[in-house]
Amino acid sequence: QVQLVESGGGLVQAGGSLRLSCAASGSIFRINAMGWYRQAPGAQRELVAAITSAGTTNYADSVKGRFTISRDNAKNTVYLQMNSLKPEDTAVYYCNTHAQVGLASYVMTYWGKGTLVTVSS
């Protein structure tokens, strides 16, 4: 199994910045990719940003130019630097990973419990 622990959420004024962190632990054989999703009240969960073990990234159109995803493979940790935050960025942000565990040849999906980001106007 893989455990994901997020940190770095909080309350910030519009235009401010936050940096989220997510550390993965457990019987990890290989991490295929890690990413961040978010879910606002009454809305569907959506992909914010993702990064592969090779460093390839992709972003939701709504955050391009403002958010940056990065990772430290040695620590199995992924980060999300969020700049120029807007009230519409308010949501619970969830860390996600696709990983192979132990000797398994298939890829499993794991989720963190989430960290709340609130952007005030």
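Before reading on, note that the structure itself is shown above.
The residue count restarts for each chain, going from 1 along the sequence in the order it is written. At least 70 in pLDDT is required for a residue's local features to be given in this predicted model, at least 80 for side-chain atom pairs to be given and counted, and no such filter applies to totals for whole chains, interfaces and linings, which use all residues. Calculated side-chain values reflect all of the structure's heavy atoms, with hydrogen atoms and water omitted.

Caption draft 1: Structural view of the pattern of salt bridges. Definition used for salt bridges: Asp or Glu carboxyl oxygen within 4 Å of a side-chain nitrogen of Lys or Arg. Scanning the entire structure with this criterion turns up 4 salt bridges. Linking arginine 38 and aspartate 89 is a salt bridge whose minimum nitrogen-to-oxygen distance equals 3.0 Å. Remark: aspartate 89 occurs in the loop between strand 8 (77–82) and strand 9 (91–101) and arginine 38 occurs in strand 4 (residues 28–39); sequence separation between them is 51 residues. Only protein chains enter the accessibility calculation, which uses a 1.4 Å probe. A residue is then buried if its area is under 20% of the maximum for its type, exposed if over 50%, and partly exposed in between. Here arginine 38 falls in the buried class, since its relative accessible area comes to 6%. In this structure, lysine 64 and aspartate 61 form a salt bridge, with 3.2 Å as the shortest nitrogen-oxygen distance. Shared partners join several salt bridges into a network, and the residues in it are Arg38, Glu46, Arg66 and Asp89. The way it works is that DSSP assigns letters per residue, a run of H or I at least four long becomes a helix, a run of E at least two long becomes a strand, and they are numbered from the N terminus.

Caption draft 2: Broad picture of the nonpolar core. The biggest cluster of nonpolar side chains holds 29 residues, and the ones touching the most others in it are Trp36, Leu80, Met82 and Tyr93. At the level of secondary structure, the elements contributing two or more residues to this core comprise strand 1 (2–7), strand 3 (18–26), strand 4, strand 5 (46–52), strand 7 (67–72), strand 8, strand 9 and strand 11 (115–120). Counting residues per element, this core draws most heavily on strand 9, at 5 residues. Contacts are assigned to residue pairs with any non-hydrogen atoms lying within 4.5 Å of each other. Once residues within four sequence positions are removed from consideration, methionine 82 is found in contact with Gly16, Ser17, Leu18, Leu20, Arg66, Phe67, Tyr93 and Val117. Joining through side-chain atoms within 4.5 Å is the link that ties buried Ala, Val, Leu, Ile, Met, Phe, Trp, Tyr and Cys residues into a set, and such a set is a nonpolar core.

Caption draft 3: Seen up close, the state of the cysteines. In this description, a disulfide is simply a cysteine sulfur pair whose atoms lie within 2.5 Å. Enumeration according to the criterion identifies 1 disulfide in this entry. Paired through a disulfide, cysteine 22 and cysteine 95 show a sulfur-sulfur distance of 2.0 Å. Between cysteine 22 and cysteine 95, the S-S torsion sits near -85°, and that sign places the bridge as left-handed. A residue pair is termed long-range when its members are at least 10 positions apart, and cysteine 22 in strand 3 and cysteine 95 in strand 9 qualify at 73 residues. No difference in accessibility class separates cysteine 22 from cysteine 95, as the two residues are buried.

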